[in-house]
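Analysis of the macromolecular model
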Amino acid sequence: MAIIETFDLSRNFGKTIAVEDLTLTVEAGEILGFLGPNGAGKTTTIRMLAGMIAPTKGYAIVADHRTDRDVEQLHEVIGILTETPGFYSRLSAKRNLEYFAGFYSSIQSPSEQVEKYLKLVRLWERCNDRVGTFSKGMKHRLALVRALLHEPKVLFLDEPTAGLDPEAATEVREMIRRLGKEGHDLLRRRFFRRQIIVQLETSETKVTDVAKGLPFVQEVREEGNQLVLELTDSERNRPELVKAIVEAGGRVITVSEKQYPLEEVYLRLIREEEGNES
Amino acid sequence: MSRRHIRNILLKEWVLLFTDPNSALVIVLVPFLVVGQAILYIWLAFRFAGESMLTTQVFQIALQKLVAAVPGVAQLPGNEQLLVLLLSQFTFFLLLIPTMIAMTVSTFSIVDEKLSGSLEALLATPVKTWELLLGKALAGAIPALVMTWISAGVLLLVISAMGWGDVSGFVVTPGWFLTLFLLTPAIAILSFMMGVTGSSRARDPRGAQNTALLIIFPVLALIGIQVTGIVWFTPTLILLLALVIGIADFVSLRAAVRLFRRESIVLMQEIDKLHFNRC
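For clarity, every value in this text was computed on a predicted model and none was experimentally measured.

1. With respect to the domain arrangement of chain A
Along its sequence, chain A is organised into domain 1 (2–188) and domain 2 (193–260). Taking only C-alpha atoms into account, the centre of domain 1 of chain A sits 36 Å from that of domain 2 of chain A.

Structure (structure tokens):
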């Protein structure tokens, strides 16, 4: 079931085209990340999908709501982490979150909901402290809680770790991953790409073809005697993959997993694109 | 749902208002200054100028209109007539309290949130624009109104303490009650709506302050009309005025909603970049 659909979504700022004819579909439960250089239109797209700004052409449907028409209903079912985690610095973390929670009809008891989420992100001990005394990382975690309080159907994360030191960035990333496991639909910019590397004794086209035909294999690449694969739910499907390769006559030496941080994936894609252009 | 949203905004605004020493000081200090200054002015006029003030054309015109509205004043000795005239005019000075508080408090209410980024997060919630603006305006108008009523009570106590209790019956008239409980709330809401609207359009606190100057002009005009005796505000006239300003409150809320540009707030930085690129 599609949770996000866009149809020729476009947005101009004066003569500057920020987003042009974007058509995409995101299924419920899917995680989608936007990659691109500064000014590519990532934030503008997120803002249009979140009903914060209107498109100049085309439209989007998010969680069954037109983002340019049913804005209040849309805001009941989406959460957004904006680039700047703006809070009332003189109010406590708890009071800040209770205030934002008070606008959602789905939240019957804001204080209970706030307690639940502050405990989840390990900020409950600081709940009565003024937000002004919080570190950048803590504010980001708090902003993420704010986006999640009403348990939205779709969550938009715009640069959730931008400007954070490595420790704080890891902390926020861990939290996103933990929350993701709890079943939220995440649309986010930062993600990790996992690849399974199967080292074979010899390279065989037949083995590659079999791997390509497996339903859980998203991408296969031959690199010498290695098969580099991307799987859906790699942990669960890995034994199935090895079994299929062996049955196809492949002699497997090792199976390992490599995790590419987003930055690496991004640079590789950009370089590939530059290579194609030249 | 709207009532829950407005209540939510009110409670948050009040916590912020009364935990900010500057705002709290303005709310307490302005009424004190207005009442203190007016009492001093009345006392000085009564003590040093006395009846002779009534010989000036302005005061004579005003006194004639006061006598027409409250015939019993004609029976009072000259200096007491002056006292009733000055104290009656002072009721309109009380209107300065909500307007002056609005000038300082409401003008920063939205622009501050724009700059801190909390407004963008707020606009991502299901809050409606009119709920936000009305909540913000009421959050300032209600304490300002309470302070105005307290000031009126203080004035009555001072009148009595200064031995002017005999004339209070000519001051505390139906017109006095209508001014305090109908006209003042209407003026307070209008002032705060104007302040909040200015704040929502401003890009920085300085811009908000510039528009705030406009808030005080309607009240100054009313005081001017009353003091110069051009028009004496009878209960009927006050009722009519309160009705007109009540309609203006409603119109100002609608105008504020129309003038509130959610997109411009979200896109503040992009708009800046666009202007920068043009240069």
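We are not done yet, so read on.
2. Quick word on the interface of chain A and chain B
Opposite the 27 residues of chain A that make contact, chain B presents 25 residues. Contributing elements (two or more residues each) for the side of chain A that touches chain B: helix H2 (71–77) and helix H3 (93–101) of chain A. Here the side of chain A that touches chain B is composed, by residue class, of 13 nonpolar, 8 polar and 6 charged.

3. Description of helix H8 (residues 234–247) of chain A
With 14 residues, H8(A) extends 19 Å from end C-alpha to end C-alpha; this agrees with the ideal 20 Å at 1.5 Å per step. Where H8(A) ends, the next residue or the one after it, Gly249(A), has phi of about 95°, a positive value.

4. Looking at helix H2 (residues 21–49) of chain B
All names here are of chain B. Look at H2: 40 Å from first C-alpha to last across 29 residues, which is about the 42 Å you get at 1.5 Å a residue. Roughly 25° is the biggest bend found in H2, and it falls at Leu29, with proline Pro31 one to four residues downstream. Every buried residue of H2 is accounted for by Ser23, Ile27, Val30, Pro31, Val34, Val35, Ala38 and Ile42. Packed against the buried residues of H2 are helix H1 (2–19), helix H4 (78–93), helix H5 (96–109) and helix H8 (129–161). Directly beyond the C-terminal end of H2, a positive phi value near 60° is found at Gly50.

5. A short note on the sheet that holds strand S1 (residues 2–13) of chain A
Residues and elements named next belong to chain A. Taken in spatial order, the 4 strands of this open sheet run S2-S1-S3-S4, and their pairing is antiparallel. Only two strands of the sheet have a single neighbouring strand rather than two, namely strand S2 (16–27) and strand S4 (65–66). The pairing of S1 with S2 spans 8 bridges and is antiparallel. When the bridges of S2 are listed, Phe13 appears paired with Thr16.

Conventions used here
- All residue numbers refer to positions counted from 1 along the written sequence of the respective chain.
- Lettering for chains starts from A, numbering for ligands starts from 1, and both go in the order in which the items are written.
- Local features in a predicted model are, by the rule used here, given only for residues with pLDDT of at least 70; side-chain atom pairs are given and counted only at 80 or more, and totals for whole chains, interfaces and linings are based on all residues.
- Here the bounds of each domain stem from an automatic or database domain assignment.
- Contact criterion: two residues are in contact if their C-beta atoms, reconstructed from the backbone, are within 7 Å.
- Only DSSP runs of H or I covering at least 4 residues are called helices, and only runs of E covering at least 2 are called strands; the numbering of each starts at the N terminus.
- Three residue categories are used. Nonpolar comprises Ala, Val, Leu, Ile, Met, Phe, Trp, Tyr, Cys and Pro, charged comprises Asp, Glu, Lys and Arg, and polar comprises the others, including Gly.
- A helix's residues, less one, multiplied by 1.5 Å, set its expected span.
- The angle between axes fitted to the seven residues ending at a residue and the seven residues starting there is what we call the bend at that residue.
- Counts of 20 or more other C-beta atoms within 10 Å of a residue's own C-beta define buried residues, counts of 12 or fewer define exposed ones, and intermediate counts define partly exposed ones; C-beta atoms are placed from the backbone.
- In this analysis, strands are considered paired if DSSP registers two or more bridges between them.

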